[in-house]
Every structure is written in structure tokens, then in C-alpha cells.
Amino acid sequence: MSPEERQTVEDVMSTPLETVSKDATVVEAVQQMRAKNINALVVPTTPRAIISSTDVLDAVADGQDITDLTVADVMTTDVETVAPDLYMEEVAAMMTTYGIKHLPVVDDDYVGMVSSTDVTAHLS
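Residues numbered from 1 in each chain as written. Predicted model: local features only at pLDDT ≥ 70, side-chain atom pairs only at ≥ 80, totals over all residues. Heavy atoms only, no water.

Trainee: Explain a negative patch on the surface here, please?
Mentor: Residues E10, D11, D85, E90, D107, D108 and D109 make up a contiguous surface patch of negative charge. Following the sequence through the fold, D11 ends up in helix 1 (residues 9-12). With relative accessibility at 49%, the residue D11 sits in the partly exposed group. (Patch = residues over 30% accessible without salt bridge, like charges linked within 9 Å, V, L, I, M, F, W, Y side chains within 5 Å. Areas by Shrake-Rupley, 256 points an atom, 1.4 Å probe, with all protein chains shown as cover. Salt bridge = Lys/Arg side-chain N within 4 Å of Asp/Glu carboxyl O. Lys, Arg positive; Asp, Glu negative; His and termini not counted. Charge placed at Lys NZ, Arg CZ, Asp CG, Glu CD. Helix = DSSP H or I, 4+ residues; strand = E, 2+ residues; numbered from the N terminus. Buried < 20%, exposed > 50% of the residue type's maximum accessible area, 1.4 Å probe, protein only.)

Following this line, the structure appears as C-alpha cells:
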């Protein structure tokens, strides 16, 4: 496959980017995910962070009452990111290597999100 035929992150990423405040409740974040039919939200903080359905599931499995938690309590920080011009094969390798399902797309600032679902759709 020639470089002109290879798909990049920009070709498949989800936009517009969905974000949530670190001060929002976990319940608000989950409701937003459900309303948008997505499994992760970018939390615009430094260092970079996301909250995913897996983060919420882990909190519940640990016996935490999510009604008492904020996004900051469960979010994943120092997340891996990708550039829009990265090839999808490289994204798949990153997700496998790091065991992750969502990668924020950054080009100076957040511009989108690429998920394992996007990778699966690309490879099928």
C-alpha cells in the first residue's frame, strides 16, 4: 500500500472533540458519554487526561460510590496522544503496546479522539 493510500488518524478520528471538566461529577460524565454514544471524554487539564468508561468501571469495582466522585477522582492522567498525520497501523500498535482503547489527537491543542473502534473499522 502506497503512502498516499494509507489512512491517517485525521482520516478516522472523531470530531468534534467531547470534553468534560475535571470538577464535573462522574455521573455527569457518564451521562454525557451515554448521550453522545462514546466511551471516553477528554479532560482539558495539564497534564493531559481522559475519563473513560473503564475508569468508571474500575471505580465501581473498587467499591467506590461514583455519586460522590468527581472526574478528577477517577480520570487517567499523563495519557498517550497521537498526531493527526500518524498512520493507523502505528495507532493500532500503540494501543496494543500500552493496552489502551482511546488516544486523544493533538496538533498543538486537542483536535479529536481515535478509539479502538476506529482502528477495528479501519482494519476490516
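Trainee: For this particular structure, what's the right way to read helix 3 (residues 53-61)?
Mentor: Working note: α-helix, 3.6 residues per turn, so residues spaced by three or four point in the same direction. D55, V56 and A59 are the residues of helix 3 that are buried. All buried residues of helix 3 lie within an arc of 95° about the axis, which places them on one face of the element. In helix 3, the exposed positions angled more than 90 degrees off the buried face are occupied by L57 and A61. Those residues of helix 3 that are buried are in contact with helix 2 (26-36), strand 2 (49-52), helix 4 (71-74) and strand 3 (76-77). After helix 3 finishes, the residue G63 shows a positive phi value of roughly 85°. (Arc of directions from axis to C-beta. Contact = heavy atoms within 4.5 Å.)

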